[in-house]
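# Observations on chain architecture
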Amino acid sequence: MPALNALRTGAVLAALGVAFGAFGAHALKAQLTPDALTTFETGVRYQMYAALALLILGTQPTQTRAPWPLLAGAVIFSGSLYLLTLTGVKFLGAVTPIGGVLMIAAFVLAALDARK
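Residues numbered from 1 in each chain as written. Predicted model: local features only at pLDDT ≥ 70, side-chain atom pairs only at ≥ 80, totals over all residues. Heavy atoms only, no water.

Going by the annotation in an unreviewed UniProt entry, the name recorded for the chain is DUF423 domain-containing protein, with Deinococcus seoulensis given as the source organism. What UniProt states about the chain under its Subcellular location (unreviewed entry) heading is, verbatim, "Membrane". (UniProt positions renumbered as here; feature names shortened; annotations may be inferred.)

Quick look at the structure:
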């Protein structure tokens, strides 16, 4: 992903993270159990981590490998938590670690690319 696209993607992901956070805090607070709300907030938090990382990676031309797995990891990790809390479909909890592994791999790639 070119640097400019990583910046744009990070900015959009951050904007959505703020929107989802506000949605969880206001619209879902009365609808979800405290545990489910905590799970939703975990999705928002990790989405914001990925967004901030994409914004940083987008400023570094040598960072060519990390953005895609980071984005995919954020979508899978956070998205599965959002869907789990909103639908109650439990098997989505088994999908969440796939997103986490992708994000870990992305940060390892970022570290390797920083050595260039």
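### Concerning the packing of helix α2 (residues 34-57) against helix α3 (residues 67-87)
The description of two packed helices rests on the angle between their axes and on the distance between the axes. It is at 8 Å that the axes of α2 and α3 come closest, and there the two elements cross at 165°. When the axes of α2 and α3 are compared, the pair comes out roughly antiparallel. The crossing of α2 and α3 is left-handed. In this structure, α2 uses Ala36, Thr39, Phe40, Thr42, Gly43, Val44, Tyr46, Gln47, Ala50, Ala53, Leu54 and Leu57 to contact α3, whose residues at the interface are Pro67, Leu70, Ala74, Phe77, Ser78, Leu81, Tyr82, Leu84 and Thr85. Of the residues belonging to the contact of α2 with α3, the class tally is 15 nonpolar, six polar and no charged. (Axes fitted to C-alpha atoms, helices over the stretch in contact; angles between N-to-C directions. Helix = DSSP H or I, 4+ residues; strand = E, 2+ residues; numbered from the N terminus. Parallel < 35°, antiparallel > 145°, perpendicular 65-115°, else oblique. Left-handed = near helix turned anticlockwise from the far one by under 90°. Contact = heavy atoms within 4.5 Å. Nonpolar A, V, L, I, M, F, W, Y, C, P; charged D, E, K, R; others polar.)

### Digging into the packing of aromatic side chains
Throughout the structure, instances matching the rule amount to five aromatic pairs. Relative to Tyr82, the ring of Phe20 has its centre 5.0 Å away and its plane inclined at 75°; by these criteria the two rings are edge-to-face. Of the two residues, Phe20 sits in helix α1 (residues 3-26) while Tyr82 sits in helix α3, which places them 62 residues apart along the sequence. A relative accessible area of 30% means that Phe20 is categorised as partly exposed. Taken together, the ring pairs in this structure connect Phe20, Phe23, Phe40 and Tyr82 into an aromatic cluster. (Phe/Tyr/Trp six-rings, centres within 6.5 Å; stacked < 30°, edge-to-face > 60°. Buried < 20%, exposed > 50% of the residue type's maximum accessible area, 1.4 Å probe, protein only.)

### Concerning helix α4 (residues 92-114)
Look at α4: 34 Å from first C-alpha to last across 23 residues, which is about the 33 Å you get at 1.5 Å a residue. Looking at the buried side of α4, the elements it contacts are α2 and α3. (Expected span 1.5 Å × (residues − 1).)

### Some thoughts on a nonpolar patch on the surface
Nonpolar side chains collect at one region of the surface, where Ile104, Val108 and Leu112 lie side by side and expose about 260 Å² of accessible area between them. Tracing the chain through its elements places Ile104 in helix α4. On the basis of relative accessible area, Ile104 is assigned to the exposed category, the value being 56%. (Patch = residues over 30% accessible without salt bridge, like charges linked within 9 Å, V, L, I, M, F, W, Y side chains within 5 Å. Areas by Shrake-Rupley, 256 points an atom, 1.4 Å probe, with all protein chains shown as cover. Salt bridge = Lys/Arg side-chain N within 4 Å of Asp/Glu carboxyl O.)

### A short note on the packing of α3 against α4
α4 packs onto α3 with a crossing angle of 160° between their chain directions and a minimal axis gap of 7 Å. What the angle tells us is that α3 and α4 run roughly antiparallel. Of the two possible hands of crossing, α3 and α4 adopt the one that is left-handed. Residues Pro69, Leu70, Ala72, Gly73, Ala74, Ile76, Phe77, Ser80, Leu81, Leu83, Leu84 and Thr87 of α3 form the contact with α4, whose participating residues are Leu92, Gly93, Val95, Thr96, Ile98, Gly99, Gly100, Leu102, Met103, Ala106, Phe107 and Leu109. Residues of the contact of α3 with α4, tallied by class, amount to 17 nonpolar, seven polar and no charged.

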